[in-house]
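Here's the letter readout for the chains.
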Amino acid sequence: MNSNDPRTLSAHGVSKNFGEVQALREVSIDIPAGQSVSVMGPSGSGKSTLLHCLAGILMPDAGDVSLGDEPVSLSSDAARSRLRLERMGFVFQDGQLLPELPALENVALPLLLLGRPRAEAFGRAANWLERLGLGGLERRRPGQLSGGQAHRVAIARAMVGSPAVVLADEPTGALDQATGAEVMRVLTATAKGAGASLVVVTHDLTVARWCERHVEIVDGRVLTDVAAEAA
Ligand code: ADP
Ligand code: MG
């Protein structure tokens, strides 16, 4: 494992409790740049909690998370927000797009929040929409897109800031099987093409199959962690 790579996402001994519930128990994982990883496990096993700790949305009670040399879990709220905007992309099942905004503005949003010039933000957003086969749909609002198209917009938004890491929680949960497979094909290929690592939380084996590595979480612990070939 090349821990000097500035894009390696690492959790070391991460524990997280919610009151009496031990959601994560000393979870350690290194995710090198460009690797896609599925996180599977029963409902309530700690998958989302792990993703949120990796993203710096939640602070662990013990252990630490880092992205290359940058601490994710040790810095201030503001620093973590900025780190997320600058270095991470997110694809979520629900509420992933703002319904009032056209596709172009939904995609440009992370760059606008970082204070990038509007021309640059919209230019990059248009470029990502084009790359994801959505050229011509820039002015559509999410409600005017199919489920698969809306997910591609969400992928474009996750990628627009050239993230080191893309994090997805049940990204295809609201889609039928065929559309979900197409979204996973696009998501894994896009992240790989950009050299970003990808962490996909899912309870669906057909979704996980698109990833190169499979981590199984049970009762807040990593039970198995295997390369796809051996899965
Ligand atoms: P999964 O995503 O695998 O379904 P979660 O990570 O969401 O599981 O939850 C793991 C455990 O932590 C569950 O027992 C859940 O009820 C609990 N939990 C998660 N988030 C919270 C929270 N904000 N407050 C209290 N308990 C929580
Ligand atoms: Mg969850």
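Cut-offs applied
Residues numbered from 1 in each chain as written. Chains lettered and ligands numbered in written order. Predicted model: local features only at pLDDT ≥ 70, side-chain atom pairs only at ≥ 80, totals over all residues. Heavy atoms only, no water. Helix = DSSP H or I, 4+ residues; strand = E, 2+ residues; numbered from the N terminus. Axes fitted to C-alpha atoms, helices over the stretch in contact; angles between N-to-C directions. Parallel < 35°, antiparallel > 145°, perpendicular 65-115°, else oblique. Left-handed = near helix turned anticlockwise from the far one by under 90°. Contact = heavy atoms within 4.5 Å. Buried < 20%, exposed > 50% of the residue type's maximum accessible area, 1.4 Å probe, protein only. Pairing = 2+ DSSP bridges. Arc of directions from axis to C-beta. Near = heavy atom within 4 Å. Polar contact = N/O pair within 3.5 Å; in protein donor to acceptor, adjacent residues only side chain to side chain. Nonpolar A, V, L, I, M, F, W, Y, C, P; charged D, E, K, R; others polar. Core = buried A, V, L, I, M, F, W, Y, C linked by side-chain atoms within 4.5 Å.

*Asks:* Mind showing me how you'd approach unusual backbone geometry here?
*Replies:* Residues other than glycine predominantly adopt negative phi, and peptide bonds predominantly adopt the trans conformation. In this structure, E170 is a non-glycine residue whose phi angle is positive, near 45 degrees. Within the secondary structure, E170 sits in the loop between β7 (165-169) and α6 (177-194). Residues other than glycine seldom take positive phi values, yet D219 does so here, at roughly 50 degrees. Its location among the elements puts D219 in the loop between β9 (213-218) and β10 (221-227).

*Asks:* In this structure, what is going on with the packing of helix α3 (residues 103-113) against helix α4 (residues 118-131)? I would like to understand it.
*Replies:* In a packed pair of helices, the relevant descriptors are the angle between the two axes and the axis-to-axis distance. In the contact formed by α3 and α4, the axes pass within 8 Å of each other and the chain directions differ by 125 degrees. As the angle between them shows, α3 and α4 are arranged oblique. The two elements α3 and α4 meet at a crossing, and its hand is right-handed. For the pair α3 and α4, the contacting residues are A103, L104, E105, V107, A108, L111 and L112 in the first and R118, A121, F122, R124, A125, A126 and L129 in the second.

*Asks:* How should the pairing of strand β6 (residues 88-92) be read in this particular structure?
*Replies:* Consecutive side chains of a regular strand alternate in pointing toward one face of the sheet and then the other. Burial analysis of β6 places 4 of its 5 residues in the buried class, the great majority of the element. Sheet topology places β6 next to β7; 5 bridges connect them, and they run parallel. Paired with V91 across the bridge in β7 is A168.

*Asks:* Help me understand helix α1 (residues 47-54), please; the structure alone is not making it clear to me.
*Replies:* Most of α1 sits inside the fold, with 6 of its 8 residues counted as buried. All of the buried residues along α1 are K47, T49, L50, L51, C53 and L54. Just past α1, the residue G56 takes up positive phi, approximately 75 degrees.

*Asks:* Looking at this structure, how should I read the sheet that holds β10?
*Replies:* Note on sheets: strands pair through backbone hydrogen bonds, and any given pair is parallel or antiparallel. With respect to topology, 6 strands assemble into an open sheet ordered β6-β7-β8-β3-β9-β10, the strand pairing being mixed. In this open sheet, the two edge strands, each paired with only one partner strand, are β6 and β10. Each neighbouring strand pair of the sheet contributes to a mean axis angle of 15 degrees, computed without reference to strand direction. Two elements, strand β3 (residues 36-40) and strand β8 (residues 197-201), share 4 bridges in a ladder whose sense is parallel. By the bridge assignment, S38 is partnered in β8 with V200. Along the sheet, α6 contacts β6, β7 and β8; its crossing angle with β8, the most-contacted strand, is approximately 150 degrees.

*Asks:* Which parts of the structure should I look at to understand helix α2 (residues 77-87)?
*Replies:* Since one α-helical turn is 3.6 residues long, residues separated by three or four positions face the same way. Residues of α2 that are buried include every one of R80, L83, R84 and R87, and no others. Seen from one end, α2 has its buried residues packed into an arc of 100 degrees, which puts them on one side.

*Asks:* Teacher, can you tell me more about the site of ligand 1 here?
*Replies:* Every residue close to ligand 1 is listed here: F18, V21, A23, P42, S43, G44, S45, G46, K47, S48 and T49. One of the backbone N or O atoms of S45 is found 3.2 Å from an oxygen atom in ligand 1. For ligand 1, an oxygen atom lies 2.6 Å from a polar atom in the side chain of T49. Those elements giving two or more residues to the shell around ligand 1 turn out to be β2 (21-31) and α1. By residue number, the principal contributor to the shell around ligand 1 is α1, which donates 3 residues. Looking at side-chain class alone, the shell around ligand 1 contains 4 nonpolar, 6 polar and 1 charged residues.

*Asks:* Explain the nonpolar core to me, please; I cannot follow it from the model alone.
*Replies:* Nonpolar side chains tend to gather and get buried jointly when the protein is soluble and globular. In this structure, V91, L129, V153, I155, V166, L187 and V200 are the most contacted members of the largest nonpolar core, which totals 37 residues. Elements represented by at least two residues in this core include exactly α3, α4, α5 (147-159), β7, α6 and β8. It is α5 that contributes the most residues to this core, 7 residues altogether. Discounting chain neighbours no more than four positions away, the residues touching I155 are V91, L132, V183, V186, L187 and T190. With 27 residues, the next largest nonpolar core counts V14, I29, M88 and V165 among its residues.

Limitation: the analysis is restricted to geometry and does not speak to function.
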